[in-house]
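Chains, contacts and geometry: an overview
Now for the letters of each chain:
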Amino acid sequence: MDAALAEDKLATDGEQHLATMDEVDAQNAVGNDSLQDTVLQSMDEVDAQNAVGNDSLQDTVLQSATAAERCQASMVLGGVGDAMGYRGGNWEFCASTSKILRDLDELTSGRGIAALDCSNWMVSDDTVEHLATAEGLARGLAAPVSIDAIMCSVARETKKTANDFTARAPGKTEQRGIKLIDVDGRNWRSKPFDSGAVGCGAAMRTACIGLIFRDEEHLENLVAIAIETSRLTKTHPTGYLGGVCAAAFTAFAMQRIPVQMWGRLFLERVLPACAAYVLQEGQRHIRENQEALSQGAFESKWRWYLRERGLHEDGPAAPSFPSEYGAAKRDVFYSQISQLSPLNPSGKNPGSKGYDSVLIAYDALLWVETQLGPGCTDTERWAELCHRAVLHRGDNDSTGSIAASWYGALHGLQGVPLRHHRGVEYRGRCDAVGLALDRAFRHIGSRHLAAPLQLLADR
Ligand SMILES: [Mg+2]
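Residues numbered from 1 in each chain as written. Predicted model: local features only at pLDDT ≥ 70, side-chain atom pairs only at ≥ 80, totals over all residues.

**Some thoughts on the overall build of the protein**
Put simply, the test is: In DSSP terms, a helix is any run of H or I states spanning at least four residues, a strand is any run of E spanning at least two, and both are numbered starting from the N terminus. Buried, partly exposed and exposed are defined by the number of other C-beta atoms within 10 Å of a residue's own C-beta, namely 20 or more, between the two limits, and 12 or fewer respectively, with C-beta atoms placed from the backbone. Contacts here follow a simple rule: the backbone-placed C-beta atoms of the two residues must lie within 7 Å.
Counting its regular elements, the protein contains 21 helices and zero strands. Each of the 459 residues in the protein was classed as buried or not, and the buried ones make up 50%. In the protein, of all internal contacts separated by at least 6 residues, the share reaching a separation of at least 24 is 80%.

Set out below in C-alpha cells:
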C-alpha cells in the first residue's frame, strides 16, 4: 500500500469512528437503556485520552494493567498483530519466512522487530470484522442478556464490514456468509451448514467475546455467543470451534489462568459445552454437527498438539519445546500443525484454518509465557511473540491478531513499543470499544452475564 492510501485510510478511520458514535446516539434517542450512556461515556473518555497522546496510558500499564486497560490492549494489539502480519498485503500468505525476515531487516536497518514503525499501517479484514463483533456486542448487551439482541447487533455490524473490505484481502467464505445477512441482522441464523466453511474467519473475529463473558461461570454463554457469532459465516465445527477457542482463551487470560492449562481446559470443559449447545433440542443442523463432531478433526488435532508439548497428563505441567526452536524449525512444526487429511494433507498456508490459526497462536504465546527467564524484559517478550505469531509464512495476520489479542488480555500494553501501536489504523476504535466492553461488563454485572441465555426455536 502506498503512503497516500495509508493517509486516506487514517482520515477515514476518524470519520467512521464519528459515524459509529452517531449510531449509538441514535439508539439512545429511541430509548435504549443506560448502558448506551455508559458506552458513549467510555468512548468519549478514550477519545480524550487519545487527543493528549498515549504516553500516560503507557506509563500506567507498565506499572500494572487494570482490567479495563487489558480489554483495550486486547483490541488494540489484535489490530497491531493483524496490521503487522498483513503489511499492506506483502506478508500475508508470503511463502517464505526468510523473505519476511529479510524485509524486516531492511525496514529497520537491522535493528529488529522492536524498531519497526507501524504508524499508518492498515489493518486487514481480520480487524474490521473483529471490531464489528466487539461493537456489535457493546451495543447489543443489556440486562437481562438476550442471545437474540446480541446476535442481531453483532450480525448488523458484521454486515457493514463488506463496505470496508477494499485492499484488505477478505476470505471468500467470509464474504459469502456476510452477503446472506440482512441489513438489520435479524436473520443471523440463516447460514446453511457448509462443510467448506472451515477457515480461520471465525477465529480471527471472536477473541473479544472473552472480554465480556470473562468469568468461569460465563462459560455456557461464552460458548453460545461465540458459536453463533462464528456461524454467521463458519457453520462447520472445524471453523466455528476456532472461534470458540479464540474467545475462551481471552476469557482464560482475563481470569489469569496459567497459559499452559488453556489447551486442556479447552478439551475438558469448553468442547463438551460446545457439543451440548449445538446438539440440544431446537438447534439447527443437528445431524450434520453430530457427524462432524464424531469425526472430531478439531479435537484430535488439539490432542495431538498437547501430546507434542507434554501437556496431556493430569495436573499443570511445564510444556516441552525443542531446545533450539528458531524460525526454520517453527516453519516445519507450523506445517505439521496445519496438516489434516483430507482438508490440508500437505500443511500449506499454516494458520488459515479454524484449528491451525488458534494452535499456532497458542504455540507462540505458550513459548513466550513459559520459556523466557525472569531476566527477560517485557519488550523482549513482546518481540518474541511477534516473531513466533506474526513473522512466519502462511496466514500470519490472523495468527498474529489472535495471539496478540490474548497477550493484551494478559498483560495490557506491557512491553509493546509505542511505534507498534500508536499510529496503527483504527487505533481509536479499538481503544474505545475495549473500554466500552469493560464498562458493559461492570454495568451488567457478572451474575447477569452468567444467567442462562434463552435459546430461540428455529425460525
Ligand atoms: Mg486478513
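**What to know about the environment of Asp 356**
For Asp 356, the position within the fold is in helix α16 (residues 354-371). The buried category is assigned to Asp 356, around which 32 C-beta atoms lie within 10 Å. Along the primary structure Asp 356 and Asp 395 are separated by 39 residues, whereas in three dimensions their C-alpha atoms are 9.7 Å apart. The residues contacting Asp 356, other than those within four sequence positions of it, are Ile 337, Ser 338, Pro 350 and Gly 351.

**Concerning the confidence of the model for the protein**
For clarity, the threshold we go by: A residue's pLDDT is simply how confident the predictor is in it, with values from 0 to 100.
The predicted model of the protein has a mean per-residue pLDDT of 87, with 85% of residues at 70 or higher. The model gives residues 1-40 a pLDDT under 50, and that stretch makes 41 contacts with residues more than four places away or in other chains.

**Describing the packing of helix α15 (residues 327-338) against α16**
For clarity, the threshold we go by: Here, axes are lines fitted to C-alpha atoms. For helices the fit covers the stretch in contact, and angles between N-to-C directions go from 0 to 180 degrees. Crossing handedness is defined as follows: a turn of the near helix away from the far one that is anticlockwise and smaller than a right angle gives a left-handed crossing, while the clockwise case is right-handed.
Look at α15 against α16: their axes get within 9 Å of each other, and the N-to-C directions meet at 145°. Crossing of α15 over α16 shows right-handed handedness. Contact with α15, carried on its side by Tyr 334, Ile 337 and Ser 338, involves Asp 356, Leu 359 and Ile 360 of α16 and no other residues of that element.

**Comments concerning the environment of Glu 217**
For Glu 217, the position within the fold is in the loop between α9 (209-212) and α10 (219-231). Using a count of 12 C-beta atoms within 10 Å as the deciding quantity, one classes Glu 217 as exposed.

**Brief notes about unusual backbone geometry**
With an omega of 0°, the peptide bond between Ser 341 and Pro 342 qualifies as cis. Mapped onto the secondary structure, Pro 342 falls in the loop between α15 and α16. Within the chain, Arg 87 stands out as a residue other than glycine whose phi angle is a positive 40°. On the secondary structure map, Arg 87 appears in the loop between α4 (67-86) and α5 (97-107). In this model, Ala 167 sits at a positive phi of 70°, which is unusual for a non-glycine residue. Turning to its location among the elements, Ala 167 is positioned in the loop between α7 (147-160) and α8 (172-180).

**Quick word on the nonpolar core**
Stated precisely, the cut-off is as follows: For the purposes of this analysis, a nonpolar core is taken to be any set of buried Ala, Val, Leu, Ile, Met, Phe, Trp, Tyr and Cys residues that are connected through C-beta atoms within 7 Å.
One finds Val 244, Leu 365, Trp 406 and Leu 437 to be the most contacted residues of the largest nonpolar core, which totals 115 residues. If we ignore the near neighbours within four places in the chain, the residues touching Leu 437 are Cys 71, Ala 134, Leu 137, Ala 138, Cys 208, Leu 211 and Ile 212.

**Some points on helix α11 (residues 237-254)**
Test applied: In this scheme, a helix's expected span is set at 1.5 Å multiplied by one less than its residue total.
In this model, α11 (18 residues) spans 25 Å end to end at C-alpha, consistent with the 26 Å of a helix rising 1.5 Å per residue. By the criterion of burial, α11 is predominantly enclosed, with 18 of the 18 residues buried. Arg 256 lies just past α11 and shows a positive phi near 60°.

**As for α5**
Cut-off, in case you're wondering: Each direction from the helix axis to a C-beta atom contributes to the arc, which is the arc of those directions.
Turning to α5, its buried residues number three or more, namely Thr 97, Ile 100 and Leu 104. When α5 is viewed along its axis, its buried side chains cluster within an angular range of 60° and face the same direction. Exposed side chains of α5 directed beyond 90 degrees from the buried face belong to Arg 102, Asp 105 and Glu 106. On the buried face of α5, the contacting elements are α15. After α5 finishes, the residue Ser 109 shows a positive phi value of roughly 50°.

**Things to note about the packing of α11 against helix α12 (residues 262-278)**
The test is simple: With respect to orientation, any angle under 35 degrees is reported as roughly parallel, any angle over 145 as roughly antiparallel, any angle of 65 to 115 as roughly perpendicular, and every other angle as oblique. Nonpolar residues are Ala, Val, Leu, Ile, Met, Phe, Trp, Tyr, Cys and Pro. Charged residues are Asp, Glu, Lys and Arg, and all others, Gly as well, are polar.
It is the contact of α11 with α12, at a shortest axis distance of 11 Å, that shows an interaxial angle of 125°. One finds that α11 runs oblique with respect to α12. The hand of the α11/α12 crossing is right-handed. Contacts from Leu 241, Val 244, Cys 245, Ala 248, Phe 249 and Phe 252 of α11 reach α12 at Trp 262, Leu 265, Phe 266, Val 270 and Cys 274. Here the residues of the contact of α11 with α12 sort into eleven nonpolar, no polar and no charged.

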